[in-house]
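The chain contents come next:
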Amino acid sequence: MKRLVLLFAIAACGKVGGSSSAADDPTIASVSPDHGPTVGGLTVTLTGTGFDTGGETYVLVGGLLAEDVAVASDTSLSFTLPPGTENEQVDVVVGN
C-alpha cells in the first residue's frame, strides 16, 4: 500500500549576507508534483524566478535539506524529495 505524504506550501528566501534586495529573492510559482511518498526519493520540479544558476542554491522541504538540487535555469529547478511523515503539509524553501 502506497502512502502519500507531503503536500507543499511554498516559500522562498534570498541570499544570506551581501546586498540582496526583495527583487533579487527567488520566488516559487509551482511545485510539481505537489505531494509524494513518505519514503521520499521522488524528483520534484519547481518553477518560479530568481533561481541562482551560478551559485549554491539549496532547497529545504519541511526543514530537511533536499538532495540532488539541479538548477536548469533561473526559472526552473529540480530536487530529490526527502522522507516525510504521512499526511504532513510542509513548506518548501529555496535559497541562493
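In case you missed it, the structure is sitting above this.
**Notes on the overall build of the protein chain**
A count of helical and extended segments in the protein chain gives zero helices and eight strands. Helices and strands in the protein chain line up, N terminus first, as β-β-β-β-β-β-β-β. Contacts in the protein chain between residues at least 24 apart in sequence constitute 64% of all its contacts with a sequence separation of at least 6. Counting only carbon and sulfur atoms, one obtains 51% of the accessible surface of the protein chain, whose full area is about 5,400 Å².

**Observations regarding the nonpolar core**
If you look at the biggest cluster of nonpolar residues, it comprises 14 residues, and the most contacted ones within it are Leu 46, Val 59, Val 61, Leu 77, Phe 79 and Val 94. Secondary-structure elements contributing two or more residues to this core are strand 2 (27–32), strand 3 (43–49), strand 4 (58–61), strand 7 (76–80) and strand 8 (89–95). The element that contributes the greatest number of residues to this core is strand 8, accounting for three residues. When sequence neighbours within four positions are dropped, the list of residues in contact with Phe 79 reads Leu 42, Thr 43, Val 44, Leu 46, Val 59, Val 61, Ala 66, Glu 67, Asp 68 and Val 69.

**A look at the environment of Ser 78**
Looking at where Ser 78 falls in the secondary structure, it is placed in strand 7. Counting along the chain gives 33 residues from Ser 78 to Thr 45, while the straight-line C-alpha distance between them is 4.3 Å. In this view, Ser 78 contacts Thr 43, Val 44, Thr 45, Asp 68, Val 69 and Ala 70; residues no more than four positions away in its chain are not counted.

**Points about the pairing of strand 3**
The side-chain alternation of strand 3 yields one buried face, formed by Val 44, Leu 46 and Gly 48, and one unburied face, formed by Thr 43, Thr 45, Thr 47 and Thr 49. Bridge count between strand 2 and strand 3: five bridges; the pairing is antiparallel. Bridged to Val 31 within strand 3 is Leu 46. The sheet contact formed by strand 3 and strand 7 spans five bridges and is antiparallel. Paired with Thr 47 across the strands is Ser 76, a residue of strand 7.

**Description of the side chain of Thr 57**
Here Thr 57 lies in the loop between strand 3 and strand 4. At a separation of 3.1 Å, a polar atom in the side chain of Thr 57 contacts the main-chain carbonyl oxygen of Asp 52. Polar side-chain contacts of Thr 57 include one of 3.1 Å to the side chain of Asn 96. Those residues in contact with Thr 57 that lie beyond four places of it in its chain are Asp 52, Val 69, Val 71, Leu 77, Val 94, Gly 95 and Asn 96.

**Looking at the sheet that holds strand 3**
Each strand in a sheet pairs with its neighbour through backbone hydrogen bonds, running either in the same direction (parallel) or in the opposite one (antiparallel). With antiparallel pairing, four strands are arranged side by side in an open sheet as 2-3-7-6. Edge positions in the open sheet fall to strand 2 and strand 6 (67–73), since each of these has one partner strand only. Along the sheet, successive strands turn relative to each other by an average axial angle of 25 degrees, direction set aside. In this structure, strand 6 lies alongside strand 7, joined through four bridges in antiparallel fashion.

What counts as what
Residues numbered from 1 in each chain as written. Predicted model: local features only at pLDDT ≥ 70, side-chain atom pairs only at ≥ 80, totals over all residues. Heavy atoms only, no water. Helix = DSSP H or I, 4+ residues; strand = E, 2+ residues; numbered from the N terminus. Contact = heavy atoms within 4.5 Å. Areas by Shrake-Rupley, 256 points an atom, 1.4 Å probe, with all protein chains shown as cover. Core = buried A, V, L, I, M, F, W, Y, C linked by side-chain atoms within 4.5 Å. Buried < 20%, exposed > 50% of the residue type's maximum accessible area, 1.4 Å probe, protein only. Pairing = 2+ DSSP bridges. Polar contact = N/O pair within 3.5 Å; in protein donor to acceptor, adjacent residues only side chain to side chain. Axes fitted to C-alpha atoms, helices over the stretch in contact; angles between N-to-C directions.

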